[in-house]
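Spelled out, the chains give:
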Amino acid sequence: MNSRFLDFRSDTVTKPTAGMLDAMMTAKVGDDVFGEDETVHALETKLASTFNMEAGLFCPSGTMTNQIAIKCFTQPMDEVICDQTAHVYRYEIGGIAYHSAASVRLLHGERGILTTELIEPEINEDNIHYPNSSLVVLENTVNKGGGSCYTLAQIAPIHHLCNIKGLKLHLDGARIFNALVATGDDASEYGKYFDGISVCLSKGLGAPVGSVLLGSKQMIHKARKIRKAFGGGMRQAGFLAAAGIYALDNHVERLKDDHAHAKAIAAALASTAYVKSVMPVETNIVIFEVEKGSAEKIVNQLKEKGLHCNTTSASTVRLVTHLDLTPAMIDQAIEIILHLS
Ligand SMILES: *Cc1c(COP(=O)(O)O)cnc(C)c1O
């Protein structure tokens, strides 16, 4: 067993499996800054073709892939449109201002999901007073929305609006495979809608490190230079890319198990007196509101019983299911949830 406690804090806590470690140890590598690492190249090409994009770029983190994309798609004094819960705004340490010198227009989507009705009025006209609206960022799944998903049918009109208005569209796809498994949408359709896509390998897919940015050849050429400027050019990164390839080949279909586990956890929580409401569960994230008192108190009580999770506000708690939580561990967690006094 991987850990001493039941770790529901995040899907980033997974450790490489034996099969993944084996793939890493036997990877063919070279200097990727010289463009000589065939495993990195294979990963970039594999994901680009999955999403029907021209090219890919392997980066150390999803923060870096998102921030590089934003820098590619904006000029200083431009404005980025996103939901107020967006990771690119809340959890990337003000990177949009720091790296791209752009401002941000925050929208209030239902569980973080944006629509053309929300976006269109917030696109600035050409006016001496207004920043130039140049980019819309969507997140799929939405972390703060409790793992809520966009379907392609919801994305298509947003793409159409951006196209007409001359804005780029970027996807923060930290958990895009969770969304694909939940919606049944086809990954290869994504290429026609987005100018940039960031895919995390270190979330539900269970790789130790890495994200891939996808885009046109021209965009990725520019992104590669920005990655170098950010200090993200890596040498024998094929050892890490091999973990990503292994994850894509072995850990995508099983995400449905994480989703079933999250639904079971949510049902248990909903039946208790200390939970006021549970957000609808679509993927591997469960967010609930406490009945009374602070969320922190509940988190501490759960922790004492061996179940670790985190608050997302003074009154809400998040649990995330993942590869390292087995069915037996989910059963244990449900016991703890049902008998917390
Ligand atoms: C985790 C995450 C990222 C990227 O995070 P890194 O830790 O930098 O890899 C981006 N967007 C969302 C929604 C995330 O959950």
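Residues numbered from 1 in each chain as written. Predicted model: local features only at pLDDT ≥ 70, side-chain atom pairs only at ≥ 80, totals over all residues. Heavy atoms only, no water.

Rules: UniProt positions are given in the numbering used here, feature names are shortened, and annotations may be inferred rather than shown by experiment.
The protein chain has the name Threonine aldolase in an unreviewed UniProt entry, where Pedobacter zeae is given as its organism. The protein chain has a UniProt comment under Sequence similarities (unreviewed entry) that states "Belongs to the threonine aldolase family." Annotation of the protein chain in UniProt includes, under Cofactor (unreviewed entry), the sentence "pyridoxal 5'-phosphate".

**Describing the domain arrangement of the protein chain**
What counts is decided by this rule: Reported domain spans reflect what an automatic or database domain assignment gives. The contact criterion used throughout is that any non-hydrogen atoms of two residues lie within 4.5 Å. When two components associate, each loses some accessible surface as probed by a 1.4 Å sphere; the sum of these losses over both components is called the buried area. The term salt bridge refers to a pairing of a side-chain nitrogen on Lys or Arg with a carboxyl oxygen on Asp or Glu at a separation within 4 Å. We call two N or O atoms a polar contact when they sit within 3.5 Å, provided that within protein one can donate a hydrogen and the other can accept it, with sequence-adjacent residues counted only if both atoms are side-chain atoms. The helix and strand labels rest on DSSP assignments: H or I over at least four residues marks a helix, E over at least two residues marks a strand, and numbering proceeds from the N terminus.
Each domain of the protein chain was delimited in the assignment, giving domain 1 (18-250) and domain 2 (254-338). Using C-alpha coordinates to define each centre, domain 1 is positioned 28 Å away from domain 2. Residue-level contacts link 19 residues of domain 1 with 14 residues of domain 2. Of the roughly 1300 Å² buried at the junction of domain 1 and domain 2 (both faces included), carbon and sulfur atoms supply 54%. When the buried surface of domain 1 facing domain 2 is broken down by residue, Arg-111, Gly-146 and Asn-178 rank first, second and third, together holding 34% of it. We note a salt bridge from Arg-111 to Glu-282, for which the minimum N-O separation is 3.0 Å. Remark: the boundary between domain 1 and domain 2 carries 7 residue pairs in polar contact (both at pLDDT 80 or more). Per element, the largest residue contribution to the side of domain 1 that touches domain 2 is 5 residues, and it comes from helix H8 (residues 176-183).

**Some details on the packing of helix H3 (residues 62-73) against helix H9 (residues 217-229)**
The cut-off we apply is this: For helices, the axis comes from a line fit to the C-alpha atoms of the stretch in contact; other axes are also lines fit to C-alpha atoms, and the angle between any two N-to-C directions lies between 0 and 180 degrees. These descriptions rest on fixed angle ranges, namely under 35 degrees for roughly parallel, over 145 for roughly antiparallel, 65 to 115 for roughly perpendicular, and the rest for oblique. Here is the rule for handedness: rotate from the far helix to the near one, and if that takes an anticlockwise turn smaller than a right angle the crossing is left-handed, while a clockwise turn gives right-handed.
Contact pair H3 / H9: the axes reach a minimum separation of 9 Å and the direction vectors enclose 120 degrees. Relative to H9, the element H3 lies oblique. Judged by the twist between their axes, the crossing of H3 over H9 is right-handed. Taken together, the residues of H9 that come into contact with H3 (itself represented by Met-64, Ile-68, Ala-69, Lys-71, Cys-72 and Phe-73) are Met-219, Lys-222, Ala-223, Ile-226 and Arg-227.

**Brief notes about the sheet that holds strand E13 (residues 316-320)**
Our working rule: Between any two strands, at least two bridges found by DSSP are needed for them to pair.
As summarised here, the arrangement of the 4 strands in space is E9-E10-E13-E12, forming an open sheet in which the pairing is antiparallel. The open sheet terminates on both sides in strands that have one partner only, identified here as strand E9 (275-278) and strand E12 (310-311). Pairing of strand E10 (residues 285-290) with E13, which is carried by 5 bridges, proceeds in the antiparallel orientation. Counterpart to Phe-288 in the pairing with E13 is Val-317. Of the strands in this sheet, E9, E10 and E13 touch helix H11 (residues 255-270), which is tilted by about 10 degrees from E10.

**Let's talk about the environment of Gly-306**
Take Gly-306: it is sitting in the loop between helix H12 (295-304) and strand E11 (307-308). Spatially, the C-alpha atom of Gly-306 lies 8.3 Å from that of Ile-336, the residues being 30 residues apart in sequence. Among residues more than four places away in sequence, those in contact with Gly-306 are Phe-5 and Leu-6.

**Topic: the nonpolar core**
Where we set the bar: Residues belong to one nonpolar core when they are buried, are Ala, Val, Leu, Ile, Met, Phe, Trp, Tyr or Cys, and are joined through side-chain atoms within 4.5 Å. Exposure categories follow from relative accessible area, calculated using a 1.4 Å probe and restricted to protein chains: below 20% of the type maximum is buried, above 50% is exposed, and the middle band is partly exposed.
By size, the foremost hydrophobic cluster in this structure holds 52 residues, and its most contacted members are Leu-47, Phe-51, Leu-138, Phe-177 and Tyr-190. Residue contacts for Tyr-190: discarding those within four places in its chain leaves Phe-51, Asn-140, Tyr-150, Leu-152, Ile-155, Leu-171, Ile-176, Leu-180 and Ile-197.

**A short note on the pairing of strand E2 (residues 55-59)**
With 5 of 5 residues buried, E2 lies mostly within the body of the structure. Burial along E2 is two-sided: Ala-55, Leu-57 and Cys-59 facing one way and Gly-56 and Phe-58 facing the other are all buried. Two strands pair when backbone bridges link them, and E2 and strand E8 (residues 211-215) are joined in this way by 5 bridges, in the antiparallel orientation. What sits directly across from Cys-59, in E8, is Ser-211.

**Things to note about the sheet that holds strand E6 (residues 168-173)**
Whenever strands of a sheet pair, they do so through backbone hydrogen bonds, lying parallel or antiparallel. Sheet architecture is open: 7 strands sit in the order E2-E8-E7-E6-E5-E3-E4, paired in mixed fashion. Where the open sheet ends on each side, the last strands, each with one partner, are E2 and strand E4 (103-107). Pairwise comparison of adjacent strand axes, ignoring direction, gives a mean angle of 20 degrees for this sheet. Relative to the sheet, helix H2 (residues 38-50) contacts E2, strand E7 (196-200) and E8, its axis offset from that of E2 by approximately 130 degrees.

**Description of the site of the ligand**
Heads up, the rule is: Definition of nearness: a residue and a molecule or strand are near each other if at least one heavy atom of the residue lies within 4 Å of the molecule or strand. Calculation of accessible area relied on Shrake-Rupley with a 1.4 Å probe; when residues are assessed, cover is drawn exclusively from the protein chains displayed.
Around the ligand, the neighbouring residues are Ser-61, Gly-62, Thr-63, Asn-66, His-87, Glu-92, Glu-139, Asp-172, Ala-174, Arg-175, Cys-200 and Lys-203. Residue Arg-175 places a side-chain N or O atom 3.0 Å away from an oxygen atom belonging to the ligand. Side-chain polar atom of Lys-203 to an oxygen atom of the ligand: 2.8 Å apart, as the coordinates give it. Bound to the protein, the ligand loses 84% of the 380 Å² it would expose on its own. Considering each element in turn, the shell around the ligand owes the most residues, 3 residues, to H3.

**Quick word on the pattern of salt bridges**
Considering all chains together, one arrives at 13 salt bridges under this definition. What emerges from the salt-bridge pattern is a single network uniting Glu-79, Arg-105 and Glu-122.

**Let's talk about H8**
All buried positions along H8 are accounted for by Ile-176, Phe-177, Asn-178, Ala-179 and Leu-180. As for H8, its buried residues are in contact with H2, E6, E7, helix H10 (238-250) and H11. Positive backbone phi, at 75 degrees, marks Gly-184, one or two positions downstream of H8.

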